[in-house]
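Structure at a glance
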Amino acid sequence: MGCCGCADEPSSKVEPTCLAPSFQTPQGSPPAYSEQIFVKDRSCTDFFAVIIILALAGGFAFMMTNVVKKGDIYRVINGYDDNGNVCGRVNLRENNPNFPRRGGDYTHTPYLEVDIGVNGVKSRKCVANCTSADRILIFNRCVHKKETDTINSIIRTLRLDEAVTDLGIAWRELVYLLLIALALSLAILVAFRYMVQYVIYIVLIGAIVASIGGTTYLWMTWYHEKKDVENHEIMPEDSSVQPYFIYAVIMSVVTVIVLLVVLVMRKRIQLVMQLFREAGKAVCAMPVLLFQPIFTYLLIGCTVVAWIYCMLWIESAGDIYINRKNHTHFKKDALLLATRWYNLFLFFVACEFYLGCQHMVVACAVARWFFTRDKKRLSLPVIKGFWYLVRYHMGTVAFGALIIGIVRLIRAIISFIQNRLKSYNNACVNGIMWCCQCCMWCFECALKFLTRNAYIETAIYGCNFCTGGRKAFQALSSNILRVAAINSVGDFVLFLGKVLVVTLTVVSGIYLMQKKDGLHHPWIPITLAGIFAFLVAHCFISIYEMIIDTIFLCFCEDCEKNDGISRPYFMSRGLMVRISHKQISNLNPLNPYKSLHMHIHLR
């Protein structure tokens, strides 16, 4: 089993579509066989990345053994007193003679009583109950009521107790709204296939009208404001002539850009519409793809729980010491501090790995579907895509997850430094840190975009991550206007789909909650239903977005590898008519349009 290889060689040859006996190439020879672009004979890619992740996991397991030795999760959950004894637990005696009061049975004193002074915590002690009139129990801590005024005010302001009651009353309606969001998401996907042209035209016309209308309104407002100043109806110092002028100029520039973008990409917008239709065909052929996010987000949820559990252990660990107030505490050494960041880094890598696996399975299934001429003979594409992932490309996904995880860790470190420097209130330093954070965010977004397209190239050719990234960059850079159309118009249409699902779900929630008696704040379950609706819509539409990106790159590779005559295209007729005029002229130097028409007709 090889590593890091890219099988660019054709794995098999397939016969072209049936052509008329008299149809000849310009050289007079019969059509040659066409390449099977989707590679089936593959080898393992980027296996070293899997080894690195396993080594990182092993290192983290070793570091967690040190954490378990020095920590006790109940120090965080139950709390500990000034002598280092955990409340509600049996504490072992300390061998160090400097801590003679540590150890004993505290199971009968399960609550930690905390006295907070002006300069911080005064004392901690374990108590049997928290029934004092001036105390209140919060997270197993007995805290003085005057220290909980802020918490109580927040609870009263948000009506949290009433909110819990409302959710208990309206739980059936929440289930109904979740099912409504699910049905609406599926309906949106169907609409994207059959009515996407109307949606895109409405979006473009709305953007143009809004830009022109906003520009006209700002200029008219500026003109009237200026006239009022000239007529002494408004004092110059009270007028907004200059702000309106700046806003009008900015809006004018935006309008010009929108008009130019629509003008330049008007032909590419038809490609966007056709890609939506092709994605709808792929979903109909492989409906199992829509269930991929369920497994992905279940794994991410389990990872979140594991990360929190490890974090509690890490925060509880430390070497015992006595501070200046003669209180026993636990201090973290360098290894424990490194474990804290290590835990966060592995959390980032794990989440990106799960998402990358989802992208790879979808890309493999859709690419195999695209490069199969007889779609009826396609069997179990999603399962085979999962097999390709597990058998060959786990390393490629691990490689991408490691890179993005490193970038996210750097962003987290910058945020940590930024919070530490807030106390100095230095505008220059704050500006530098914000610039660094913004640059790293942009870099992360670009890296995620390139990584996702690298997965698609790997799914097509079976190549490693670096080769897939290079191929993806070449394909995207040579089709930059098409990419711009998809990422602007296409992504905005998908965003509108999410907004529509959330809006209709909220409207349905308002109708259902009006008929429900006993609710104190109906907006709470309605808001929760809107959040659930957005998550459901995002799960389905994110898969749709990945399908569109895969079909687009397959379309680009098909145009690059085939010419439509000696090597017939794999794409559908709808995509074939979107080929540029320059590519059409290569079909037949005497009559390119006739050749294209003949080829489409014969397909």
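Residues numbered from 1 in each chain as written. Predicted model: local features only at pLDDT ≥ 70, side-chain atom pairs only at ≥ 80, totals over all residues. Heavy atoms only, no water.

Another aspect to go through is the overall build of the protein chain. The secondary structure content of the protein chain amounts to 18 helices and 10 strands. The 603 residues of the protein chain split such that 44% are buried. For the protein chain, contacts bridging at least 24 residues in sequence account for 73% of all contacts bridging at least 6. Accessible surface, the protein chain: about 32,200 Å² in total, of which carbon and sulfur atoms supply 66%. (Helix = DSSP H or I, 4+ residues; strand = E, 2+ residues; numbered from the N terminus. Buried < 20%, exposed > 50% of the residue type's maximum accessible area, 1.4 Å probe, protein only. Contact = heavy atoms within 4.5 Å. Areas by Shrake-Rupley, 256 points an atom, 1.4 Å probe, with all protein chains shown as cover.)

As a further point, take the side chain of Thr 396. Inspection of the secondary structure puts Thr 396 in helix H11 (residues 381-420). Among the residues examined, Thr 396 registers a relative accessible area of 0% and is labelled buried. Separated by 2.7 Å, the side chains of Thr 396 and Thr 45 make a polar contact. Ignoring anything within four residues of it in the chain, the contact list for Thr 396 reads Thr 45, Asp 46, Met 360, Tyr 455, Thr 458, Cys 463, Asn 464 and Phe 465. (Polar contact = N/O pair within 3.5 Å; in protein donor to acceptor, adjacent residues only side chain to side chain.)

Packing of helix H10 (residues 334-370) against helix H15 (residues 523-561) brings their axes to within 9 Å, and their N-to-C directions diverge by 45 degrees. For the element pair H10 / H15, the angle class is oblique. When the axes of H10 and H15 are compared, the crossing they make is right-handed. Together, Gln 358, His 359, Val 362, Ala 363, Val 366, Ala 367, Trp 369 and Phe 370 of H10 and Ile 543, Met 546, Ile 547, Thr 550, Ile 551, Cys 554, Phe 555 and Asp 558 of H15 make up the contact between the two elements. Looking at the contact of H10 with H15 residue by residue, the classes come out as 12 nonpolar, 3 polar and 1 charged. (Axes fitted to C-alpha atoms, helices over the stretch in contact; angles between N-to-C directions. Parallel < 35°, antiparallel > 145°, perpendicular 65-115°, else oblique. Left-handed = near helix turned anticlockwise from the far one by under 90°. Nonpolar A, V, L, I, M, F, W, Y, C, P; charged D, E, K, R; others polar.)

Side chains on a regular strand alternate between the two faces of the sheet. For strand E7 (residues 135-138) and strand E8 (residues 141-144), the ladder comprises 4 bridges, and the chain directions are antiparallel. Note that in E8 the partner of Leu 137 across the bridge is Cys 142. Count of turn residues in the E7/E8 antiparallel hairpin: 2 residues, of which Phe 139 carries a positive phi of about 50 degrees. (Pairing = 2+ DSSP bridges.)

Counting residues in each nonpolar core, the largest one holds 106 residues, and the members touching the most others are Ile 200, Phe 276, Leu 289, Phe 370, Tyr 544, Ile 547 and Ile 551. Non-local contacts of Phe 370, meaning those with residues more than four positions away in its chain, are made with Lys 375, Ile 551, Cys 554, Phe 555, Asp 558, Phe 570, Met 571 and Leu 575. (Core = buried A, V, L, I, M, F, W, Y, C linked by side-chain atoms within 4.5 Å.)

Next up on the list: empty space enclosed by the protein. What the rule picks out here adds up to 1 cavity of 30 Å³ or more. Roughly 70 Å³ of internal volume is contained in the largest cavity. Mapped onto the lining of the largest cavity, the elements with two or more residues apiece are helix H12 (427-461), helix H14 (480-514) and H15. Ranked by residue count, the leading element in the lining of the largest cavity is H14, at 3 residues. (1 Å grid on protein atoms, 1.4 Å probe; cavity = no way out; pocket = protein on both sides within 12 Å on 5 of 7 lines; lining within 4 Å. Points joined across faces, edges and corners; volume = space filled by probe spheres on them.)

So, about the packing of aromatic side chains. Applying the stated criterion to the full structure yields 17 aromatic pairs. Their ring planes at 50 degrees and their centres at 5.7 Å tell us that Trp 222 and Phe 245 sit as a pair that is tilted. Of this pair, Trp 222 sits in helix H6 (residues 196-230) while Phe 245 sits in helix H7 (residues 241-264), and the two are 23 residues apart along the sequence. Judged by its relative accessible area of 17%, Trp 222 falls in the buried class. Ring centres of Phe 353 and Tyr 354 lie 6.4 Å apart, and the angle between their planes is 65 degrees; this geometry places the pair in the edge-to-face category. Relative accessible area serves as the criterion here: at 22%, Tyr 354 is assigned to the partly exposed category. Here a set of aromatic residues connected by ring pairs shows up, and it is made of Phe 48, Phe 399, Tyr 455 and Phe 465. Between Arg 42 and the ring centre of Phe 38, over which it is positioned, the NZ or CZ distance is 4.8 Å. Lying across the ring of Tyr 74, Arg 89 places its NZ or CZ 3.9 Å from the centre. (Phe/Tyr/Trp six-rings, centres within 6.5 Å; stacked < 30°, edge-to-face > 60°. Lys NZ or Arg CZ within 6 Å of the ring centre and 35° of its normal.)

Okay, H7 next. The terminal C-alpha atoms of H7 lie 34 Å apart, and with 24 residues this matches the ideal 34 Å at 1.5 Å per residue to within 8%. Those residues of H7 that fall on the buried side of the exposure criterion are Ala 248, Ser 252, Thr 255 and Val 262. The inward-facing, buried residues of H7 contact H6 and helix H8 (266-285). (Expected span 1.5 Å × (residues − 1).)

Take the state of the cysteines next. What the rule picks out here adds up to 2 disulfides. Between the sulfur of Cys 87 and that of Cys 126 lies a disulfide, 2.0 Å long from S to S. Taking the sign of the torsion about the S-S bond as the criterion, the disulfide between Cys 87 and Cys 126, at about -85 degrees, is left-handed. Remark: Cys 126 occurs in strand E6 (residues 120-127) and Cys 87 occurs in the loop between helix H2 (74-77) and strand E3 (90-91); sequence separation between them is 39 residues. Summarising the burial analysis for this pair, Cys 87 and Cys 126 share the class buried. Between the sulfur of Cys 130 and that of Cys 142 lies a disulfide, 2.3 Å long from S to S. (Disulfide = S-S within 2.5 Å.)

So, about a nonpolar patch on the surface. Residues Phe 245, Ile 246, Tyr 247, Val 249, Ile 250, Val 253, Val 254, Ile 257 and Val 261 make up a contiguous nonpolar surface patch of roughly 750 Å² in combined accessible area. Inspection of the secondary structure puts Tyr 247 in helix H7. (Patch = residues over 30% accessible without salt bridge, like charges linked within 9 Å, V, L, I, M, F, W, Y side chains within 5 Å. Salt bridge = Lys/Arg side-chain N within 4 Å of Asp/Glu carboxyl O.)

The subject of this paragraph is the pattern of salt bridges. Taken as a whole, this structure holds 13 salt bridges when the rule is applied. The salt bridge involving Asp 333 is made with Lys 70; its shortest N-O contact spans 2.8 Å. Of this pair, Asp 333 sits in the loop between strand E10 (328-331) and H10 while Lys 70 is found in helix H1 (residues 47-70), placing the two residues 263 residues apart along the sequence. Accessibility expressed as a relative area gives 24% for Asp 333, which makes it partly exposed. The partly exposed category is assigned to Lys 70, whose relative accessible area is 23%.

Despite not being glycine, Asp 46 shows a phi value in the positive range, around 55 degrees. Positive phi outside glycine occurs at Asn 326, with the angle close to 65 degrees. Here Asn 326 shows up in the loop between strand E9 (319-322) and E10.

Okay, the environment of Gly 318 next. Its location among the elements puts Gly 318 in the loop between helix H9 (292-316) and E9. Those residues in contact with Gly 318, other than ones at most four positions away along the chain, are Lys 70, Arg 75, Phe 330, Lys 331, Lys 332 and Leu 336.

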